[in-house]
Amino acid sequence: MNADAIDLDVRRETSRGLETEEMTLNMGPQHPSTHGVLRFVVKADGEVMRRAIPDIGYLHRSIEKIAEKVGYHGFMPYTDRVDYVSAMQCNQGWAMACEKLAGIEVPRKGEYCRVIACEFGRLASHLLSVGATGMDIGAVTPFTHAIREREYINDILEELCGARLTFNYMRIGGCAWDLPPGFVGRAVKFLDRFEPLIDEYNELISFNKIYVERLANVAVVSREMAIAWNLVGPNLRGSGVKYDVRKDAPYSVYPEFEFDVPVGTGERGTLGDSYDRYMVRMREMEESCKILRQALAGVPEGPVVAKVARMFKPPAGEVYVRVEASRGDMGWFVVSDGSAFPYRVHIRTGSFAAMAIIEELSKGLMIADLVAVIATLDIVAPEVDR
Amino acid sequence: MQQLADYLLAEGFLSGLPKSVGYVLVVAFFAFVLLNFIMLVAGVTSWLERRVWARIQSRVGPNRVGPQGVIQWLADGIKSVLKEDIVPEAADKPLFKGAPYLAMIGFFGAWACVPFGDGLIVADLNVGVLYITAVTGLVVVGILMAGWSSNNKWALLGGIRSAAQIVSYEIPAAIAINTVILLTGTLSMQGIIKAQGWAPWNWFLFDNPFTFVAFFIFFVALLAEGNRTPFDLPEAESELVAGAFTEYSGLRSLLFFLVEWGNLYIIGALCTTLFLGGWQVPAFTDNAFVQGVLQMITFFLKSYFLVFVAMWIRATLPRVRVDQLMSLCWKYLVPIAFVNLLGAMLWVVAFPHGNIVMRLAMFGFGVVVTIYFFSRVASHLRRARPEMTWNPIS
Amino acid sequence: MDIAEIHRRLRERLGNIVSPELEVKDWSLCDVKPQSIAEVCTILRDEPESAFDCLSNLSAVDRKSADTIEVYYHLFSYQHGHRLTLRAATPRPDPILPTVSHIWPIADWLEREAFDLMGVRFTGHPDLRRILMPEDWVGHPLRKDFVEPEEYHGISTRRESLLKL
């Protein structure tokens, strides 16, 4: 961190003429929070923060540059690592961008498999998010219960594609493998078990007085602020903006499903506080279950992948495609020059903006709240740094 | 202990030695026995905590080392002792090295007054409760020293938070103690227990509504003093790694953790002594030894039950933020405790020897609440049973 | 009002700053003269008919063959649902653009990323420094002619090929 860029240890005179000093703390790249390798330089006056300056780049793996070397097909496994907590949606984003460049149409069964995979991925990601939020606030038990459910989802997705975290399930033109026999039955059985558990989590933690006190009225993000700072996904919806890429700019077969888009209502505090963002995620899990049931009930017959040339050479041009990932709409900007290798890939993720807004939100917050804010903004380091 | 020392001297076991040396030897022997006993209790408490946590979190917990993992803590202890002793270069070395021992002394001193049975107490001071409250204050000094000397701003924050928390919550705790002392007239631990009876309606918990409320105030305040969730901000893992103890490794950190788990037991022991009747059992036999063993077992069961409740709370509740913690203490607990004390004073004036009707009524109320609680638990278990064993692949 | 109408009005108001052609597609694209990008963006955000309150993406693309670095601004309007892409092409040896961080706060970080990885300088930016790469990194990695340094702080970046026996 360039020392000239921040004033260190600013001395201030309080109103009573006492000299106080600001503490500069380092919430370093290693810390026991599940959100990845993030660093904050916190300038605090005792327990209250003046600024928390994020320092990112610890997980920068130059994925965008690698795309220019490995080609369109070869980039698919790398997209998993862009957001490894919910990797299916990243796969979808890349596949959709390439299909749009080349004008490929995905067969209906492929689209259904994609939706099923993405929604299971969303469930898994939100489970981890609410569990980690609980753990950061201090309640360690919901995390273990959430991880237990996530393990079942991992088992289901392992059946589908062989991997538990970085799936590499989708291909340009569809999905890699068909649904295994009996998959639909097992998935529905899981949903039957899982849906009542969401109520159990709510009883255990969401309506707990201490939990609400920790999250309500903390880091309120107004509507205008959320839009200006390009917050997306549950963060945006928590501030009252009812926008979901699946509904407002639909892709794949989402128009065929009936589901609602939960929005924050300021039920326990102000609209746009941390509690709203957290509850939007809890409710989104219920909506994902709805979508999954409809998708699993209506899987059509047919191939899962369209025929795509091995040497995939889309025509020259650029495309900007957005998918509703777990952390919000993920923008995939792909520039092609007609060769077999992408000319430029840029991934604009939801956590990037969430990290950016933390410096603004941190003024006047307490250090204990900083952890709550990071958790409820659902920041994962790989998305921020790529 | 005094009696035993006098007995030994009278019987001539320590003949040839001056009286003072004899006393010192006896004290040293008792201290040694007690130290071992405390380590055992702290270790077993840590094992219990890990198993209880694990079951609440739908996992198993340590069950390999020894039958059901009961000597896990011994293995952890040996590992900690064998670790490299790291002292940060810029740390204040004498303070850094001395802090765990100060905390240990503060914690260890409290055990001198813990009554395990009739006559089974190391020193039955006539200011027993006051002594315990005072000596556990040394733990605060130890934590503050640890936080300051680590040369680590996060440790300092943790130490300061802890000091502020413990010092603040001493007040509701002391007021709640006073509410009980009004009924006994003595601060001696054995005196307080002897003023209660073995039957639950003779416990101070059910004596009158004011001591009932005082029990909860006392329990909450002691949780805060022991840095237990929901008040474990000084050790908040997700923010401060281990708070004041961040820079400690090996034996020194083990001492701090022993203090924490041992403190947990002291919480249970204090609450049991003051509110739950201590070691009182009905007089089954004339054999003093058997009676003593029964009393010890009762005392352990009661205090471990409260320890279990504290662990249960730790596994369930999130932690409170520091300003909310302070406002809870000063804006809620202290006024309620004072009003409670006033009420208890009026009660004692009105009924100097207690009121059996009120005792039975409070006991009935307690029984109703307990039955309701267990029925709720049973209904939850019945609903959950089909899901506890589920194989997704079958 | 659709994007073509917005484009027409913009051209009426600003003239040659905005290119006459609008590539109509999902995110319609038009070119803008680089020095006036801030002006264009301010108008697009403040006009109630366009109301582009969100900068969805800011990407820099290194067009080595044309000796330019193009910066794409993807604008989105939550009020109307409009989507527009602005493209500003700057000369490759010395790419300079005015900042739009006073219009949309997220541009602060997006421009820092463009500076860090592509070397585009944004005049008027409050704090233009590297964001993803370490502060003392030399070079802009996403450029087509970027050559990896031999070592970084004594750690070599070259190694024997693992495929050799």
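Residues numbered from 1 in each chain as written. Chains lettered and ligands numbered in written order. Predicted model: local features only at pLDDT ≥ 70, side-chain atom pairs only at ≥ 80, totals over all residues. Heavy atoms only, no water.

**Q** What's the story with the overall build of chain A in this structure? I'm lost.
**A** In terms of helices and strands, chain A carries 14 helices and ten strands. For chain A, whose C-alpha radius of gyration is 22 Å, the value lies close to the compact-globule estimate of 21 Å for 386 residues. Counting only C-alpha atoms, chain A reaches 75 × 50 × 35 Å along its principal axes. For chain A, buried positions account for 65% of its 386 residues. Counting contacts in chain A only where the partners sit at least 6 residues apart, residues at least 24 apart contribute 71% of the total. Of the roughly 12,500 Å² of accessible surface on chain A, a fraction of 52% belongs to carbon and sulfur atoms. (Helix = DSSP H or I, 4+ residues; strand = E, 2+ residues; numbered from the N terminus. Rg over C-alpha atoms; globule rule 2.2 N^0.38 Å. Buried < 20%, exposed > 50% of the residue type's maximum accessible area, 1.4 Å probe, protein only. Contact = heavy atoms within 4.5 Å. Areas by Shrake-Rupley, 256 points an atom, 1.4 Å probe, with all protein chains shown as cover.)

**Q** Please clarify how helix H2 (residues 37-46) of chain C should be interpreted in this entry.
**A** Residue pairs spaced three or four apart in an α-helix point in one direction, given the helix's 3.6 residues per turn. Along H2 of chain C, the residues classified as buried are Ile37, Ala38, Val40, Cys41, Ile43 and Leu44 of chain C. Residues of H2 of chain C that are buried sit in contact with helix H1 (3-14), strand S1 (28-32), strand S3 (68-76), strand S4 (83-91) and strand S5 (96-98) of chain C.

**Q** What am I meant to see in the interface of chain A and chain B here?
**A** Between chain A and chain B, the residue contacts involve 40 residues of the former and 31 residues of the latter. Carbon and sulfur atoms supply 60% of the area buried between chain A and chain B, which totals about 3,200 Å² over both sides. Where chain A touches chain B, the interface holds one salt bridge. Here Asp369 of chain A and Arg321 of chain B are joined by a salt bridge, their closest N and O atoms 2.8 Å apart. The interface formed by chain A and chain B contains nine residue pairs in polar contact (both at pLDDT 80 or more). Breaking the side of chain A that touches chain B down by element, the ones donating at least two residues are strand S3 (23-27), helix H4 (108-137), helix H5 (141-161), helix H6 (183-206), helix H7 (209-215) and helix H13 (367-376) of chain A. Among the elements that take part in the side of chain A that touches chain B, H6 of chain A stands out by supplying eight residues, more than any other. (Buried area = accessible area lost by both parts, 1.4 Å probe. Salt bridge = Lys/Arg side-chain N within 4 Å of Asp/Glu carboxyl O. Polar contact = N/O pair within 3.5 Å; in protein donor to acceptor, adjacent residues only side chain to side chain.)

**Q** Can you help me understand the interface of chain A and chain C in this one?
**A** Note on interface size: it is often stated as the accessible area lost on association of the parts. Residue-level contacts link 38 residues of chain A with 41 residues of chain C. Note on chain A versus chain C: buried area summed over both sides is about 3,400 Å², and carbon and sulfur give 58% of it. On the chain A side of the interface with chain C, the three residues burying the most area are Glu318, Tyr320 and Tyr343 of chain A, jointly 19% of the side's total. Where Arg386 of chain A meets Glu113 of chain C, a salt bridge forms, and the shortest distance between an N and an O atom there is 2.8 Å. Our count for the contact surface shared by chain A and chain C stands at 19 residue pairs in polar contact (both at pLDDT 80 or more). Those elements that place two or more of their residues in the side of chain A that touches chain C are strand S5 (48-55), helix H1 (63-74), helix H8 (223-228), strand S8 (317-325), strand S9 (328-336), strand S10 (344-348), helix H12 (350-361) and helix H14 (381-385) of chain A.

**Q** Looking at this structure, how should I read unusual backbone geometry?
**A** Among all residues except glycine, the phi angle is most often negative; among peptide bonds, the trans geometry is most common. Phi at Ser62 of chain A takes a positive value of approximately 50°, unusual for a residue other than glycine. For Ser62 of chain A, the position within the fold is in the loop between S5 and H1.

**Q** Just checking my understanding: could you explain the sheet that holds S3 of chain A for this structure?
**A** All names here are of chain A. Ordered by their spatial adjacency, three strands build an open sheet running S3-S4-S5, and the pairing between neighbours is antiparallel. Each edge of the open sheet carries a strand with a single partner, namely S3 and S5. Within this sheet the neighbouring strands show an average axis-to-axis angle of 20°, counted without direction. Of the strand pairs in this sheet, S3 and strand S4 (residues 39-45) are connected by five bridges, and their pairing is antiparallel. Paired with Leu25 across the strands is Val42, a residue of S4. The sheet strands contacting H13 are S3, S4 and S5, and the helix crosses S4 at an angle near 150°. (Pairing = 2+ DSSP bridges. Axes fitted to C-alpha atoms, helices over the stretch in contact; angles between N-to-C directions.)

**Q** Explain the side chain of Ser125 of chain A here, please?
**A** All names here are of chain A. Residue position: Ser125 is located in helix H4. Polar contacts involving the side chain of Ser125 include one to the side chain of Ser326, which spans 3.4 Å. A distance of 3.0 Å separates the side chain of Ser125 from the side chain of Arg327, its partner in a polar contact. When neighbours within four sequence positions are excluded, Ser125 is seen to be in contact with Val85, Ser86, Arg150, Ser326 and Arg327.

**Q** What's the story with the packing of aromatic side chains in this structure? I'm lost.
**A** Each aromatic ring pair is summarised here by two numbers: the centre-to-centre distance and the angle between the ring planes. Scanning the entire structure with this criterion turns up 49 aromatic pairs over all chains. With 5.3 Å between their ring centres and 50° between their planes, Trp137 of chain C and Tyr152 of chain C make a pair best called tilted. Remark: Tyr152 of chain C occurs in strand S7 (residues 151-152) and Trp137 of chain C occurs in the loop between strand S6 (121-123) and S7; sequence separation between them is 15 residues. Using a relative accessible area of 15% as the deciding quantity, one classes Trp137 of chain C as buried. Classification of Tyr152 of chain C by relative accessible area gives partly exposed; the value is 25%. Above the ring of Tyr343 of chain A, the side-chain terminus of Lys144 of chain C is found at 4.0 Å from the ring centroid. (Phe/Tyr/Trp six-rings, centres within 6.5 Å; stacked < 30°, edge-to-face > 60°. Lys NZ or Arg CZ within 6 Å of the ring centre and 35° of its normal.)

**Q** What is the right way to look at the arrangement of the chains in this model?
**A** The interface with the highest contact count, out of two pairs of chains in contact, is the one between chains A and C. In this assembly chain B lies apart from chain C, the nearest approach of their C-alpha atoms being 24 Å.

**Q** Would you mind going over helix H5 (residues 128-135) of chain B with me for this structure?
**A** Residues and elements named next belong to chain B. Residues of H5 that are buried include every one of Gly128, Val129, Ile132 and Val135, and no others. Considered in projection along H5, the buried side chains sweep an arc of 140° and stay on one side of the axis. Away from its buried face, by an angle of more than 90 degrees, H5 presents the exposed residues Leu130 and Ala134. Next to the buried residues of H5 lie helix H4 (93-110), helix H6 (137-149), helix H7 (153-184), helix H8 (189-194) and helix H11 (251-275). (Arc of directions from axis to C-beta.)

**Q** Quick question: what am I supposed to make of the pattern of salt bridges here?
**A** Working definition: two side chains of opposite charge can pair if their charged atoms are close together. Going through the model one piece at a time under the given rule, you end up with 63 salt bridges over all chains. Between Arg344 of chain A and Glu64 of chain A there is a salt bridge, and its shortest N-O distance comes to 3.3 Å. Placement of the pair is Arg344 of chain A in strand S10 and Glu64 of chain A in helix H1, with a sequence separation of 280 residues. Like Arg344 of chain A, the residue Glu64 of chain A is buried in the burial classification. Note that Arg8 of chain C is salt-bridged to Glu12 of chain C, the shortest N-O span being 2.6 Å. Of the two residues, Arg8 of chain C and Glu12 of chain C both sit in helix H1, four residues apart, roughly one turn of that helix.

**Q** Just to check I follow, could you spell out the nonpolar core for this structure?
**A** Considering soluble globular proteins, one finds that nonpolar side chains tend to be buried as a cluster. Core analysis: the largest hydrophobic core is formed by 179 residues, its most contacted members being Phe40, Trp94, Phe120 and Tyr169 of chain A together with Leu55, Tyr73 and Leu86 of chain C. If one sorts the elements of this core by residue count, H4 of chain A sits on top with twelve residues. Ignoring any residue separated from it by four or fewer positions in sequence, one finds Leu55 of chain C in contact with Asn230 of chain A together with Tyr73, His74, Leu75, Val100, Trp104, Ile106, Ala107 and Leu110 of chain C. Counting 89 residues, the second largest nonpolar core, distinct from the first, contains Ile166, Val334, Leu341 and Met362 of chain B. (Core = buried A, V, L, I, M, F, W, Y, C linked by side-chain atoms within 4.5 Å.)

**Q** Help me out: how do you make sense of the packing of H6 of chain A against helix H11 (residues 274-297) of chain A in this one?
**A** Describing two packed helices takes the angle between their axes plus the distance from one axis to the other. All names here are of chain A. Here H6 crosses H11 at 160°, and the two axes come no closer than 10 Å. With respect to their mutual orientation, H6 and H11 come out roughly antiparallel. Crossing of H6 over H11 shows left-handed handedness. For the contact of H6 with H11, the per-class residue count stands at 17 nonpolar, two polar and four charged. (Parallel < 35°, antiparallel > 145°, perpendicular 65-115°, else oblique. Left-handed = near helix turned anticlockwise from the far one by under 90°. Nonpolar A, V, L, I, M, F, W, Y, C, P; charged D, E, K, R; others polar.)

**Q** Is there a simple way to think about the packing of helix H2 (residues 19-56) of chain B against H11 of chain B in this case?
**A** Residue and element names in this part refer to chain B. Following both chains from N to C, one finds H2 and H11 inclined at 90°, their axes separated by 8 Å at the closest point. By the criterion of interaxial angle, the relationship of H2 to H11 is roughly perpendicular. Every residue of H11 that contacts H2 at Met39, Val41, Ala42, Thr45, Ser46 and Glu49 is listed here: Leu258, Trp261, Gly262, Leu264 and Tyr265. For the contact of H2 with H11, the per-class residue count stands at seven nonpolar, three polar and one charged.

**Q** Can you walk me through a nonpolar patch on the surface in this structure?
**A** All names here are of chain B. A grouping of Phe305, Phe308, Trp312, Phe373, Phe374, Val377 and Leu381 is seen on the molecular surface, where their side chains present a nonpolar patch of about 630 Å² in accessible area. Elements with a contribution of two residues or more to the nonpolar patch: helix H12 (288-316) and helix H14 (356-388). The element that contributes the greatest number of residues to the nonpolar patch is H14, accounting for four residues. (Patch = residues over 30% accessible without salt bridge, like charges linked within 9 Å, V, L, I, M, F, W, Y side chains within 5 Å.)

**Q** So what exactly am I meant to see when it comes to the side chain of Asp273 of chain A here?
**A** All names here are of chain A. Position of Asp273 relative to the elements: it lies in the loop between helix H10 (245-248) and H11. The side chain of Asp273 is buried and forms no salt bridge, while Arg277, the nearest opposite charge, is found at 6.8 Å. At 2.9 Å, the side chain of Asp273 and the backbone nitrogen of Asn217 are in polar contact. Engagement of the side chain of Asp273 in a polar contact is seen with the backbone nitrogen of Thr270, the distance being 3.1 Å. When sequence neighbours within four positions are dropped, the list of residues in contact with Asp273 reads Leu215, Ala216, Asn217, Val218, Ala219 and Val220. (Lys, Arg positive; Asp, Glu negative; His and termini not counted.)

**Q** Can you help me understand a negative patch on the surface in this one?
**A** Residue and element names in this part refer to chain A. Residues Asp199, Glu200, Glu203 and Glu286 make up a contiguous surface patch of negative charge. Considering every element that reaches the negative patch, the biggest residue donor is H6, with three residues. For Glu203, the location among the structural elements is in helix H6. Judged by its relative accessible area of 52%, Glu203 falls in the exposed class. (Charge placed at Lys NZ, Arg CZ, Asp CG, Glu CD.)

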